[in-house]
Structures are given as structure tokens and as C-alpha cells.
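Fold and geometry: a report
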Amino acid sequence: MTAQTITGAVAAPRPADRRLAGLGALLRKDTTEWLRGRRAWVVLLVSLAFMGLAAANGWIITQIAATLPADADVGAVSLVPLDNLLAAVGAQVFVLATILAVGSLLVSERQAGTLAWVASKPVSRRSIWLSKWITATGLVAAAAVVLPLAATAALVTVLYGAPDPVVVAGLGAGVVAVVAFFSAVGILAGTVLTSQVGVVGAGFGVFVLMPILGGLLPPEIAALLPVSMLTWAAGIASGMPASWSTPVAFAVVVAAIVGVGLWRMDRME
């Protein structure tokens, strides 16, 4: 019998966790596509226009009223900086921008065959879904929230005076949370529905349903709806008492949507 000794042998490495394989590369790819395409820039321009006009509405009315006869009634107009900033945020153009921006992310790639081609690479389907959600949330938040809100706050300062910067930051944080929620809803819908119209319709359906539920449910339950993050963050920034049940409920709901989205993505044909 001949004994054979192998020196320098090492144990084979354990297989890596492939559930998030390729996430970094997909994030770079999707971010590049957002920046090179027109979607983010259209969202930015539209958001700037809508929020700026909503914030300037009080000033515009007062300028028009100055040219009218003294007995003309133009109604009550607030020139308080925060009131006019809230009017701009209350237009909720960021929700509409999110719904429309994410409506085609998965559907168009499925129809063009790009999604199947990407899935054939050394990446996981979970990574594809997460990359779409993370980049959509980040880019839409920048284009529809951060930059327009900063520009609107500057406009409000010029027209009415400076709003509390802490409250402005709180509003921004709350709006970004709402964007993350509607982005997750839209990309989840893209794993179920096969048309962009259907995905956008699902997003608008959730958008319409939220205030209806908020009006029907008791206040303590309505505070658990994901869109309540906006008022919760603004309240915290203003120094008002607020329950931590709102962000906890928000985290649970978004985590559930992400979980279902990943589950659906793994089972897509």
C-alpha cells in the first residue's frame, strides 16, 4: 500500500450567502440609469415648480389684493413663513412624483426582456428588487423632497421670513419616509401587475385610501398609518409630544411590504 500525503491542503471555503448577491453592482447600475435618464430631472423640475407656486400663493394674493379696490374681499391670507411652507408640502407633489416615477421600473424591464437578462447574471432576484427600491427612494427623495424643499424654504424666507430650520428638517425627514413607503408599494405592485398603468393605478389607489382611512379610524389608530410619519416628524421637530408607535408601525409596514416584494420577486417568471 502506498500512502500519499497532500501537504498544504486547506478546507474548501464555505459558500457565501447569495441572497443579496450583486447588490452593490446593481445599485451602481440603477443609480447611473436614473442620473442619465430624464425621470429624475423631470421630477425635480415639476416638484420645484409646484412647491414654489404653492409657497408663493399667499404673497401673490397680497400683491393682487393691493391693486384691487379697498372694499374688495380676498379672504384670509396667511403670511406666516411656516404656514406657507406647509402649504407647499401639503400639495403632496412628492407622492405623485414617486408613484409615477416607480410605475415603470419593473414593468418596462419585464416587457423589454432586460429583467430576465439581468437575472441571468450572478445576482440574486432579491438584490434586483432591493436595488430598485433603494435607488428609487434615494433619487426621488433628492429630486422631489430635499432639493425642492430647500429651494422652497429659501423662497419662503425671501417672501415671508425664515421658517424654523429644525421644523424644515423634520418635515423633510417625514416626507422622505412617505416617499420610501410609496416607492415600496409601487415596486411591489410591479412584481404582481404587468402594465405600467396598473402599477400607477395601484399607487394612486393607496394614495386615495390613506386619507379616507385616516378620517374613519380613531385618531390613535390613524396615527399608525404610514403617511402619518409626515405629521409625526414635523411634530417632533416642533417640540410637540408624539408617540413612538408611529415610527414603529411605519417600520413594520414597510418591512412587510419589502418582505412580500422579495418573496414575489423570487417567484416571478
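Each remark here, short or long, concerns the structure printed above.
All values reported here derive from a predicted model rather than from experimental measurement.

Some details on the overall build of the chain
If you tally the helices and strands in the chain, you get 12 helices and 0 strands. Secondary structure of the chain in N-to-C order comes out as α-α-α-α-α-α-α-α-α-α-α-α. Over its C-alpha trace the chain gives a radius of gyration of 24 Å, far above what one expects of a compact globule, namely 18 Å for 269 residues. With the C-alpha coordinates aligned to their principal axes, the bounding extent of the chain is approximately 115 × 40 × 40 Å. Classification of the 269 residues of the chain by burial places 41% in the buried group. Intrachain contacts of the chain at a sequence separation of at least 6 include 81% that bridge at least 24 residues.

Brief notes about the pattern of salt bridges
Under the criterion given, the structure shown has 5 salt bridges. Two residues, K29 and E33, come together in a salt bridge whose shortest N-O distance is 3.3 Å. With K29 and E33 both in helix 1 (residues 23-36) and 4 residues apart, the pair spans about one turn of that helix. Judged by its relative accessible area of 43%, E33 is partly exposed. Where R126 meets D266, a salt bridge forms, and the shortest distance between an N and an O atom there is 3.0 Å. Residue R126 is found in helix 7 (residues 125-159), and its partner D266 is found in helix 12 (residues 245-266); the two are separated by 140 residues along the sequence.

Topic: the packing of helix 8 (residues 165-192) against helix 11 (residues 229-237)
Orientation of helix 8 relative to helix 11, taken along the N-to-C sense of each, is 160°, at an axis distance of 7 Å. The angle between helix 8 and helix 11 places the two elements in the roughly antiparallel class. As helix 8 runs across helix 11, the sense of the crossing is right-handed. In contact with V166, V167, G170, L171, G174, V175, A177 and V178 of helix 8, helix 11 contributes M229, L230, A233, A234 and A237. Its residues placed into classes, the contact of helix 8 with helix 11 shows 11 nonpolar, 2 polar and no charged.

Definitions and cut-offs
- Per chain, the residues get numbers from 1 upward, laid out in the order the sequence is written.
- Selection of residues for local features in this predicted model requires a pLDDT of at least 70, selection of side-chain atom pairs for listing and counting requires 80 or more, and totals for whole chains, interfaces and linings are taken over all residues.
- Hydrogens are left out, water is left out, and the side-chain values use all remaining heavy atoms of the structure.
- What counts as a helix is a DSSP run of H or I of at least four residues, what counts as a strand is a run of E of at least two, and both are numbered from the N terminus.
- It is over C-alpha atoms that the radius of gyration is taken, and the globule rule equals 2.2 Å times the number of residues to the power 0.38.
- Using a 1.4 Å probe on the protein chains alone, a residue whose accessible area is under 20% of its type maximum counts as buried, one over 50% counts as exposed, and one in between counts as partly exposed.
- Note on definitions: a residue-residue contact is assigned when non-hydrogen atoms from the two residues lie within 4.5 Å.
- Whenever a carboxyl oxygen of Asp or Glu lies within 4 Å of a side-chain nitrogen of Lys or Arg, that contact is scored as a salt bridge.
- Geometry is summarised by axes, namely lines fitted to C-alpha atoms with helices restricted to the contacting stretch, and by angles between N-to-C directions that run from 0 to 180 degrees.
- Put simply, angles under 35 degrees are roughly parallel, angles over 145 are roughly antiparallel, angles from 65 to 115 are roughly perpendicular, and the rest are oblique.
- The crossing is said to be left-handed when, going from far helix to near helix, the turn is anticlockwise and less than a right angle, and right-handed when the turn is clockwise.
- When residue character is reported, Ala, Val, Leu, Ile, Met, Phe, Trp, Tyr, Cys and Pro are called nonpolar, Asp, Glu, Lys and Arg charged, and the others, Gly included, polar.

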